[in-house]
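# Overview (structure and organization)
Given next are the chains, with one letter for each unit.
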Amino acid sequence: MPELIHNRPAAGIAFIIAGMAAISINDMLIKQLSGGYPLHQLVFTRSAIGLVFSLALVQMEGGWTILKTRQPGLHLLRGIMVVLSNMSFFVALAVIPLADATALFFAAPLFITVLSIPILGEKVGPLRIGAVLVGFAGVLIMQRPWASSAGPETDRLVLLLPVFAALTYALLQLMTRKLGATSKASALSVYIQVIFILVSLGFWLVAGDGRFAEGSDNASIIFLLRAWVWPASGDWGVLIGLGLNSAVIGYCLAQAYRLADVATVAPFEYVLMPMAVFWGWFFWAELPDLAVWAGMAMIVSSGLFVFLREQRKARKIARSAIRSRI
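Small disclaimer: the values here were computed from a predicted structure and weren't measured.

About the cut-offs
Residues numbered from 1 in each chain as written. Predicted model: local features only at pLDDT ≥ 70, side-chain atom pairs only at ≥ 80, totals over all residues. Heavy atoms only, no water. Helix = DSSP H or I, 4+ residues; strand = E, 2+ residues; numbered from the N terminus. Buried < 20%, exposed > 50% of the residue type's maximum accessible area, 1.4 Å probe, protein only. Contact = heavy atoms within 4.5 Å. Polar contact = N/O pair within 3.5 Å; in protein donor to acceptor, adjacent residues only side chain to side chain. Core = buried A, V, L, I, M, F, W, Y, C linked by side-chain atoms within 4.5 Å. Phe/Tyr/Trp six-rings, centres within 6.5 Å; stacked < 30°, edge-to-face > 60°. Lys NZ or Arg CZ within 6 Å of the ring centre and 35° of its normal. Salt bridge = Lys/Arg side-chain N within 4 Å of Asp/Glu carboxyl O. Lys, Arg positive; Asp, Glu negative; His and termini not counted. Axes fitted to C-alpha atoms, helices over the stretch in contact; angles between N-to-C directions. Parallel < 35°, antiparallel > 145°, perpendicular 65-115°, else oblique. Left-handed = near helix turned anticlockwise from the far one by under 90°. Patch = residues over 30% accessible without salt bridge, like charges linked within 9 Å, V, L, I, M, F, W, Y side chains within 5 Å. Areas by Shrake-Rupley, 256 points an atom, 1.4 Å probe, with all protein chains shown as cover. 1 Å grid on protein atoms, 1.4 Å probe; cavity = no way out; pocket = protein on both sides within 12 Å on 5 of 7 lines; lining within 4 Å. Points joined across faces, edges and corners; volume = space filled by probe spheres on them. Nonpolar A, V, L, I, M, F, W, Y, C, P; charged D, E, K, R; others polar.

## Here's the deal with the overall build of the protein chain
Secondary structure summary: the protein chain contains 13 helices and zero strands in total. Counting from the amino terminus, helix and strand elements in the protein chain follow one another as α-α-α-α-α-α-α-α-α-α-α-α-α. Of all 326 residues assigned to the protein chain, the portion counted as buried reaches 51%. Partitioning the contacts of the protein chain with sequence separation of at least 6, the portion at a separation of at least 24 is 86%.

Written out as structure tokens, the structure is:
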């Protein structure tokens, strides 16, 4: 019998906060390693290690039988979305400050709110739509349309990569909400790890010798397509940590969007923002400029407004339900 979708907002919020903390560590480690390894090698290594941990979680949640699914196509599409989201975001990290990329990525909760209308049939009122538009205006400000270029070393097109990552991530989490009715969080994590491994192996077969990166002076292209190298002895601990972190991310995010409504969980993803600012300052002495701070404030405030409206709506429904029983 299919497992029903639960509505446990407190648990969903706890899992999303834990997942955001793991993502912040993941992004920091990927950025640190981007100067010496190709992205597809890092993805393969962390996913292969993460798969081991995810399979252990499968055993804890019910055994191999929970890996069976009647919706393989939707799982595959979800996997493609997460690959596109991660790859585009990580490629941007090679040249964009961590806090800037993360702030742009926070268009994701706004996309989730808008897309939940046609995909999940959730109701979003005009005030929440207005808040979403304010958030997207913040994204536009961070694109600096008034400047002749995005920055001295940054192509403006690169600034769109975190926004594209946000869109595909939003689609991913909406699919997670649908699949969560019949799939455990550990199974959802395993499917993602397997798809990451297959995609990164495909990159290795096509571009693993680095020939497509030769002669390029674009840091993002080089990060994406440079040749695989044997990891330095001092990097193995970091790579294993990436793998463990990958399993934690996959499990926590799947659980969060299984256990609570999308509009309840999504705004808590903003806890990632101060974490990204901290890592960027601590490791690379990066601090956002005025445009980033302004855009960040608009995105975060709009997301929080959407959350507060959702909570107000939930309280009204709860009060109505109580009155109907009296």
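That was the structure; now back to the text.
## Examining the side chain of N26
Locating N26 in the fold gives a position in helix α1 (residues 9–33). In terms of polar contacts, N26 uses its side chain to reach the side chain of D27, at 3.4 Å. Separated by 2.7 Å, the side chains of N26 and R46 make a polar contact. Beyond its immediate stretch of four places on either side in the chain, N26 contacts R46, F90, L242, N245 and I249.

## Some remarks on the nonpolar core
The nonpolar side chains of soluble globular proteins are, as a tendency, buried together. Grouped together as the largest cluster of nonpolar side chains are 77 residues, with contacts concentrated most on L39, I112, Y169, Y257 and M273. By residue number, the principal contributor to this core is helix α7 (residues 156–179), which donates ten residues. Contact partners of I112, with chain neighbours within four places excluded, come to Y169, A170, Q173, L174, Y257, V262 and A266. Counting residues in each nonpolar core, the second largest holds twelve residues, with L51, V58, I66 and Y191 among its members.

## Overview of the packing of aromatic side chains
The full count for this structure, using the stated rule, is 16 aromatic pairs. A centroid spacing of 6.1 Å and a plane angle of 70 degrees characterise the contact between F15 and Y251, whose relative ring orientation is edge-to-face. In this pair, F15 sits in helix α1 while Y251 sits in helix α10 (residues 236–259), placing the two residues 236 residues apart along the sequence. Residue classification places F15 among the partly exposed residues on the basis of a relative accessible area of 25%. Residues W230 and W236 carry aromatic rings whose centres are separated by 5.7 Å and whose planes lie at 65 degrees to one another, so their mutual orientation is edge-to-face. Residue classification places W230 among the exposed residues on the basis of a relative accessible area of 72%. An aromatic cluster of three or more residues is present, and its members are F278, W279, W281, F282, F283 and W284. The side chain of K31 reaches across the aromatic face of W284, ending 5.5 Å from its centre.

## Re the pattern of salt bridges
This model, assessed by the stated rule, comprises two salt bridges. Ionic pairing is found between K31 and E286, a salt bridge with its closest N-O pair at 4.0 Å. One end of the pair, K31, is in helix α1; the other, E286, is in the loop between α12 (272–284) and α13 (290–325), with 255 residues separating them in the sequence. The salt bridge partner of R211 is D209, with a shortest N-O separation of 2.8 Å. For R211, a relative accessible area of 41% puts it in the partly exposed group. For D209, a relative accessible area of 47% gives the class partly exposed.

## Comments concerning the side chain of D235
Position of D235 among the secondary structure elements: in the loop between α9 (219–225) and α10. Although D235 is buried, it makes no salt bridge; R226 carries the closest opposite charge, 11 Å away. At 2.5 Å, the side chain of D235 and the side chain of Y37 are in polar contact. Beyond its immediate stretch of four places on either side in the chain, D235 contacts L33 and Y37.

## A look at the packing of helix α4 (residues 98–105) against α12
Direction vectors running N to C along α4 and α12 enclose 165 degrees, while the axes themselves pass 8 Å from each other. Taken together, the axes of α4 and α12 lie roughly antiparallel to each other. By crossing handedness, the relation of α4 to α12 is classed as right-handed. Contact residues: L98, A99, T102 and A103 in α4; L272, M273, A276, V277, W279, G280 and W284 in α12.

## Examining a nonpolar patch on the surface
A contiguous nonpolar patch, built from L76, L77, I80, L84 and F164 and spanning about 410 Å² of accessible area, is present on the exposed surface. Considering every element that reaches the nonpolar patch, the biggest residue donor is helix α3 (residues 72–93), with four residues. Assignment of secondary structure puts L84 in helix α3.

## Quick look at empty space enclosed by the protein
Applying the stated criterion across every chain, the model contains three cavities of 30 Å³ or more. Here the largest cavity is characterised by a volume of approximately 390 Å³. Surrounding the largest cavity, 27 residues form its lining, I23, V82, N86, I249 and L253 being those nearest its centre. Every element with two or more residues in the lining of the largest cavity is listed here: α1, α3, α4, α7, α8 (185–207) and α10. Its residues assigned to classes, the lining of the largest cavity shows 14 nonpolar, ten polar and three charged.

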